Amino acid sequence: EADIYQTPRYLVIGTGKKITLECSQTMGHDKMYWYQQDPGMELHLIHYSYGVNSTEKGDLSSESTVSRIRTEHFPLTLESARPSHTSQYLCASSGRDFHTDTQYFGPGTRLTVL
Amino acid sequence: AQKITQTQPGMFVQEKEAVTLDCTYDTSDPSYGLFWYKQPSSGEMIFLIYQGSYDQQNATEGRYSLNFQKARKSANLVISASQLGDSAMYFCAMREESNSGGYNKLIFGAGTRLAVHP
């Protein structure tokens, strides 16, 4: 059973607002990831982290930024939300099983920007 | 080029019947991993099963089994004795080895929506 948490689960916000999506895991995983997913579509990696103070951009270009100051915490920030940012954001972590490197996901945040 | 192909946008199955969800992949890396995830309407991604490229036997986890045909580059998910709670989106994913050695990239297919009918 994965212990990875995301807040808020749902967020409706106006254009231009700054938002932070929270992601925390209690498994001690060194790797963490952020994916963006439009309804019924595949997931696209937007950010990942190997460990504390390590962050990299993923395959899908994103205006969001991330930080990794603590192992368990990987927040994603949008400085100025726009309607094009409306999507579901999924956080994941891995590292417990070195062989498979299985990623375990949080419940997701559904963001709507008006 | 698309690396994970799920050709079935939607599938229907009768409760208690078995169903196979197709997945083909493309890679030149001899070492890779294949995953299946389930995504209910609530949105979370639930890990179901894993198959490594060097694993000799097909993976099984309860009612889930993976029909791994390496030469054909297919990794189909078989769900036996379908239940109403199996209705969800199912995603096939492949882990590729990273060049830097630190991050193993996970590539997802477009998904198959499964509906289980009573």
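Fair warning: this is a prediction, and the values are worked out from it, not measured in the lab. (Residues numbered from 1 in each chain as written. Chains lettered and ligands numbered in written order. Predicted model: local features only at pLDDT ≥ 70, side-chain atom pairs only at ≥ 80, totals over all residues. Heavy atoms only, no water.)

Undergrad: Please clarify how the overall build of chain B should be interpreted in this entry.
TA: When you go through chain B residue by residue, the secondary structure sums to zero helices and twelve strands. Expected size for 118 residues packed as a compact globule is a radius of gyration near 13 Å; at 14 Å, chain B falls within 12% of this value. In terms of overall dimensions, chain B has C-alpha extents of about 50 × 30 × 25 Å along its principal axes. Classification of the 118 residues of chain B by burial places 47% in the buried group. Long-range contacts, defined here as pairs at least 24 residues apart, represent 54% of the contacts in chain B between residues at least 6 apart. (Helix = DSSP H or I, 4+ residues; strand = E, 2+ residues; numbered from the N terminus. Rg over C-alpha atoms; globule rule 2.2 N^0.38 Å. Buried < 20%, exposed > 50% of the residue type's maximum accessible area, 1.4 Å probe, protein only. Contact = heavy atoms within 4.5 Å.)

Undergrad: Teacher, can you tell me more about the environment of B:Ser42 here?
TA: Following the sequence through the fold, B:Ser42 ends up in the loop between strand 5 (32-39) and strand 6 (46-52). As for B:Ser42 and B:Asn67, which are separated by 25 residues in sequence, their C-alpha atoms are 28 Å apart.

Undergrad: Looking at this structure, I do not really get the layout of surface pockets. What am I missing?
TA: It is a probe the size of a water molecule, rolled over the atoms, that shows where empty space is left. Here the largest pocket is characterised by a volume of approximately 320 Å³. Around the largest pocket, the lining is made up of 19 residues, and of these A:Pro39, A:Gly40, A:Gln88, A:Arg110 and B:Ser41 lie nearest the centre. Counting only elements with at least two residues in the lining of the largest pocket, the list comes to strand 9 (87-94) and strand 11 (109-113) of chain A together with strand 10 (88-96) of chain B. For the lining of the largest pocket, the class distribution of residues is six nonpolar, ten polar and three charged. (1 Å grid on protein atoms, 1.4 Å probe; cavity = no way out; pocket = protein on both sides within 12 Å on 5 of 7 lines; lining within 4 Å. Points joined across faces, edges and corners; volume = space filled by probe spheres on them. Nonpolar A, V, L, I, M, F, W, Y, C, P; charged D, E, K, R; others polar.)

Undergrad: Can you walk me through the interface of chain A and chain B in this structure?
TA: Reports often express the size of an interface as the amount of accessible area lost when the parts come together. If you look at the interface, chain A gives 25 residues, while chain B gives 24 residues. When the two sides are added together, the surface that chain A and chain B hide from each other amounts to roughly 1,900 Å², 53% of it contributed by carbon and sulfur. At the level of secondary structure, the elements contributing two or more residues to the side of chain A that touches chain B comprise strand 4 (31-37), strand 5 (44-49), strand 9 and strand 10 (104-105) of chain A. The element contributing the most residues to the side of chain A that touches chain B is strand 4 of chain A, with four residues. In terms of residue class, the side of chain A that touches chain B is made up of eleven nonpolar, eight polar and six charged. (Buried area = accessible area lost by both parts, 1.4 Å probe.)

Undergrad: I'm lost on the pattern of salt bridges in this one. Help?
TA: Oppositely charged side chains can form a pair if their charged atoms are brought close together. All names here are of chain A. Tallying each qualifying case throughout the model produces six salt bridges over all chains. The closest approach of N and O atoms between Asp 101 and Lys 31, which form a salt bridge, is 3.3 Å. One end of the pair, Asp 101, is in the loop between strand 9 and strand 10; the other, Lys 31, is in strand 4, with 70 residues separating them in the sequence. When sorted by exposure, Asp 101 lands in the same class as Lys 31, which is buried. Arg 82 is the salt-bridge partner of Glu 63, the closest N and O atoms lying 2.7 Å from each other. Note that Glu 63 is positioned in the loop between strand 6 (56-57) and strand 7 (65-66) and Arg 82 in the loop between strand 8 (76-78) and strand 9, a separation of 19 residues in sequence. Under the relative-accessibility criterion, Glu 63 is labelled partly exposed at 47%. Residue class for Arg 82 comes out partly exposed when judged on its relative accessible area of 37%. (Salt bridge = Lys/Arg side-chain N within 4 Å of Asp/Glu carboxyl O.)

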